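So you can see what is in the structure, the chains are spelled out below.
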Amino acid sequence: MKSCTPVIGLEIHVELNTKSKMFCQCSADYFGKKPNTNTCPVCLALPGALPVPNRKALEWCIKIGKALNCKINLKTKFDRKHYFYPDLPKGYQISQYDEPVAVKGKLGKFGITRVHMEEDTGKLLHSGDDSLVDFNRSGVPLVEIVTEPDFTNSEEVKEFLQQLHTIIRYLEVSDADMEKGSMRMEPNISLRKFKVQSSKFKDELPNYKVEVKNINSFNFVKRAIEFEIKRQTELLEKSETPTQETRGFDEKTMKTVSQRSKEEAHDYRYFPEPDIPPMVFKQSYIDSIELPELPSAKKERFIKKLELKEADAAILTQDVEIAKFFEEVLAKTNASPQSVANLIVNKKLSTESSPDEFAKLAENMAKPKETDLANLGAAIKSVLSANPEAIINFKAGKETVLMFLVGQVMKEMKGQANASLVKEELLKSLK
């Protein structure tokens, strides 16, 4: 429909990897534990149990807010968000409503409405006609990041989420492992009608909103948005207004499915949590919470100070572990930063080796060496004879074994060989 444009906002939930849960002393490391063994009276909502906020979780929530260029509120409080669902033992969730930790931020050109702290729910497990509840996850610290409805297409959303995921990993407040559910994404999608007479889009937001819940993959978010745009366009073309509702995403059919009508804020009957007093922070405390070097700053430093190609700097800083590895290798070698970057980006050497091993190999590959082929052949034969299991593993598809064998041959040659040639000759011998 040419007379419509998508209006998309995001809600992102990030589980923090604190040692304990948000309001009790139970371990926050619940994944893989036997159901309902990681609980206490607080996270099971037994009568008389009182919540005590996790200071570290609040500090990390502030850190996320600062990384997203938000205003950190000096006064914040918790609220009760009421709804009834089997995985919510209290009948309400301790969350934040009108006084969140952080507000009015920006990531790139996209606005951040708020960053607030809450507790996670339990988890429903469905088996046949039965639904079981595991409360191990109940009470795990959860940060919710809400964006402005600034997105107009699925590609923008995917790129934004990837950038946010990288920042969360750099902050070291969460592993943001989507397969484990520690980062979950919920796009809100609607279509804005086009004003033909003025050739401008309406300023006001559409009078409905569809939320797709709990998606754990960037690609699935993209597919869910694209499906919703198509579905809603077809309804509007028939002069029907899409129902305001919550939908799920079916990963098998790549379609969204209706779950329930979508609630408004007043439906949750928010009121201040009476068991937790409001919190007032000093500005000096907020200022003391320092941020690490974030991806954009690290990328700029790699380009300006290390003189890396922009594309290589972008790849190296996309993953905090790769960026760390790169800098650890640089500290141990005289090889140029760009030559080391080439080895990592082009996967000429494995980053599964230690920085020390990688640094030695990088130096050897950087220096042209005259290699005695007879000695090299003997060294390769000796190393392969001594490591039959490595040969089996390599032939089974474990290519990282190759770098171990290169290292062993280089030792045998006492460094007097060109590492690229060693690798080439090893591959011939392994065929």
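First things first, this report covers the structure right here in the doc. (Residues numbered from 1 in each chain as written. Predicted model: local features only at pLDDT ≥ 70, side-chain atom pairs only at ≥ 80, totals over all residues. Heavy atoms only, no water.)

**Describing the pairing of strand β5 (residues 92–95)**
By the alternation rule, side chains of β5 split into Y92 and I94 and Q93 and S95, which are all buried. Direction of pairing for strand β4 (residues 79–82) relative to β5: antiparallel, over a ladder of four bridges. When the bridges of β5 are listed, K81 appears paired with Q93. (Buried < 20%, exposed > 50% of the residue type's maximum accessible area, 1.4 Å probe, protein only. Helix = DSSP H or I, 4+ residues; strand = E, 2+ residues; numbered from the N terminus. Pairing = 2+ DSSP bridges.)

**Let's talk about the nonpolar core**
Membership of the largest hydrophobic core comes to 61 residues, with the highest contact counts inside it found for I12, I64, V115, I145 and F160. With eight residues, helix α2 (residues 154–171) is the single largest residue contributor to this core. Leaving out residues up to four positions away in the same chain, I145 has contacts with L10, E11, I12, V14, I64, L68, I112, R114, V115, L164 and I168. One finds L330, V345, V383 and V406 within the second-largest nonpolar core, a separate group that totals 39 residues. (Core = buried A, V, L, I, M, F, W, Y, C linked by side-chain atoms within 4.5 Å. Contact = heavy atoms within 4.5 Å.)

**Some remarks on the packing of aromatic side chains**
One pass over the full model with this rule turns up 11 aromatic pairs. Here F23 and F78 contribute two aromatic rings whose centre-to-centre distance is 5.3 Å and whose plane-to-plane angle is 80°, an arrangement assigned as edge-to-face. Within this pair, whereas F23 is found in the loop between β1 (4–15) and α1 (55–67), its partner F78 is found in the loop between β3 (75–76) and β4, the two being separated by 55 residues in sequence. The buried category is assigned to F78, whose relative accessible area is 1%. Three or more aromatic residues joined by ring pairs make a cluster, and in this case those are Y83, Y97, Y268 and Y270. When the ring centre of Y268 is taken as origin, the NZ or CZ atom of K81, which lies over that ring, is 4.5 Å away. (Phe/Tyr/Trp six-rings, centres within 6.5 Å; stacked < 30°, edge-to-face > 60°. Lys NZ or Arg CZ within 6 Å of the ring centre and 35° of its normal.)

**Some remarks on the sheet that holds strand β16 (residues 271–272)**
Read from one edge to the other, the open sheet built from three strands follows the order β5-β4-β16, with strand pairing classed as antiparallel. Because the sheet does not close on itself, it has two edges, and the strands there are β5 and β16.

**Let's talk about the pattern of salt bridges**
This model, assessed by the stated rule, comprises 29 salt bridges. With a shortest N-O distance of 3.8 Å, K213 and E211 are connected by a salt bridge. Taking the shortest distance from any N to any O, the salt bridge between K298 and E293 comes out at 2.9 Å. For E293, a relative accessible area of 29% translates into the label partly exposed. Connected through salt bridges with shared partners, the residues E15, D120, R137 and R184 form a single ionic network. (Salt bridge = Lys/Arg side-chain N within 4 Å of Asp/Glu carboxyl O.)

**Some points on helix α9 (residues 355–366)**
For α9, built from 12 residues, the straight-helix expectation of 16 Å at 1.5 Å per residue is met to within 8% by its first-to-last C-alpha distance of 16 Å. Of the residues making up α9, those classed as buried are P355, F358, A359, L361, A362 and N364. Next to the buried residues of α9 lie α7 (320–330), α8 (337–345), α12 (401–412) and α13 (419–430). (Expected span 1.5 Å × (residues − 1).)

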